[in-house]
Amino acid sequence: MTLSDAKILVCDDSILARKQLKDLISVYGSPTFLEASNGQEAIDVYKKEHPDLVFLDIVMPVKDGNAAVREIIDYDSKARIIVVSSVGTQSQLRAAIETGAVDFIQKPLRPEQVERLVQANFEGR
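Residues numbered from 1 in each chain as written. Predicted model: local features only at pLDDT ≥ 70, side-chain atom pairs only at ≥ 80, totals over all residues. Heavy atoms only, no water.

**Q** I would appreciate a short explanation of the pairing of strand β3 (residues 53-57) in the present structure.
**A** Consecutive residues of a regular strand have side chains that alternate between opposite faces of the sheet. Along β3, 5 of the 5 residues are buried, which leaves the element largely enclosed by surrounding structure. Taking every second residue as pointing to the same face, both faces of β3 are buried, with Leu 53, Phe 55 and Asp 57 on one and Val 54 and Leu 56 on the other. Where strand β1 (residues 7-11) and β3 come together, 4 bridges link them in parallel fashion. By the bridge assignment for β3, Leu 9 is matched with Val 54. Viewed along the sheet, the connection from β3 through helix α3 (residues 65-75) into strand β4 (residues 81-85) turns out right-handed. (Buried < 20%, exposed > 50% of the residue type's maximum accessible area, 1.4 Å probe, protein only. Helix = DSSP H or I, 4+ residues; strand = E, 2+ residues; numbered from the N terminus. Pairing = 2+ DSSP bridges. Right-handed = clockwise from strand over helix to strand, strands pointing away.)

**Q** Would you mind showing me how to read the sheet that holds β3 here?
**A** Strand pairing within a sheet occurs via backbone hydrogen bonds; the two strands may be parallel or antiparallel. Judged by pairing direction, the sheet is parallel, and its 5 strands sit side by side in the order β2-β1-β3-β4-β5 without closing on themselves. The two strands at the open ends of the sheet, each matched to only one other strand, are β2 (32-36) and β5 (103-106). Mean inter-strand twist for the sheet, computed between neighbouring axes without regard to direction, equals 20 degrees. Of the strands in this sheet, β1, β2 and β3 are in contact with helix α2 (residues 39-49), which crosses β1 at around 170 degrees. (Axes fitted to C-alpha atoms, helices over the stretch in contact; angles between N-to-C directions. Contact = heavy atoms within 4.5 Å.)

**Q** For this particular structure, what's the right way to read the nonpolar core?
**A** Side chains of a nonpolar character, in soluble globular proteins, are inclined to be buried together. Formed by 22 residues in total, the largest nonpolar core has its most connected members in Leu 9, Leu 56, Ile 81 and Val 83. Where this core is concerned, the elements lending two or more residues are β1, β2, α2, β3, α3, β4 and α4 (90-99). Ignoring anything within four residues of it in the chain, the contact list for Ile 81 reads Val 54, Leu 56, Val 69, Ile 72, Ile 73, Ala 101, Val 102 and Asp 103. Listed in part, the 18 residues of the second largest apolar core include Leu 53, Phe 55, Ile 82 and Val 118. (Core = buried A, V, L, I, M, F, W, Y, C linked by side-chain atoms within 4.5 Å.)

**Q** How do you make sense of the environment of Asp 76 when you look at a structure like this?
**A** For Asp 76, the position within the fold is in the loop between α3 and β4. Classification of Asp 76 as partly exposed rests on a relative accessible area of 23%. Looking at Asp 76, its side chain comes within polar contact range of the side chain of Tyr 46, at 2.5 Å. (Polar contact = N/O pair within 3.5 Å; in protein donor to acceptor, adjacent residues only side chain to side chain.)

**Q** Looking at this model, I keep getting lost on the pattern of salt bridges. Mind explaining?
**A** Pairing between side chains of opposite charge can happen when their charged atoms approach one another. Following the criterion strictly, the structure yields 9 salt bridges and no others. Between Arg 18 and Glu 35 there is a salt bridge, and its shortest N-O distance comes to 2.6 Å. Separated by 17 residues along the polypeptide, Arg 18 in helix α1 (residues 15-26) and Glu 35 in strand β2 bring together distant segments of the chain. Note on Arg 18: relative accessible area 10%, which makes it buried. Overlapping salt bridges bring together Asp 12, Asp 57 and Lys 107 as one network. (Salt bridge = Lys/Arg side-chain N within 4 Å of Asp/Glu carboxyl O.)

This is the structure we're talking about:
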């Protein structure tokens, strides 16, 4: 699958963080973006839209990223979830990976991190 054919869910409680990630991904192609502002919304959007890739913040209101990872993986064990974490969330990050997230990136986001993930998850951008 190419990036331009993909549906990508970007979940973060910060609208600016969502925009930044979408802008960094868009350099490599133009997927369909879906958005959520908390873990429960991410679960609901995932079940409705079945995105090809999910970027999920850990620290969010309503339901945190780790709870969302668990519920999405319980719903779809093949879900591809990339956790987005701040520097102070190492134990939470470890828990997300153990629960089923496939990768992670650290905030503040750097273009080379996003490029690595795009290349790892999509062919022919």
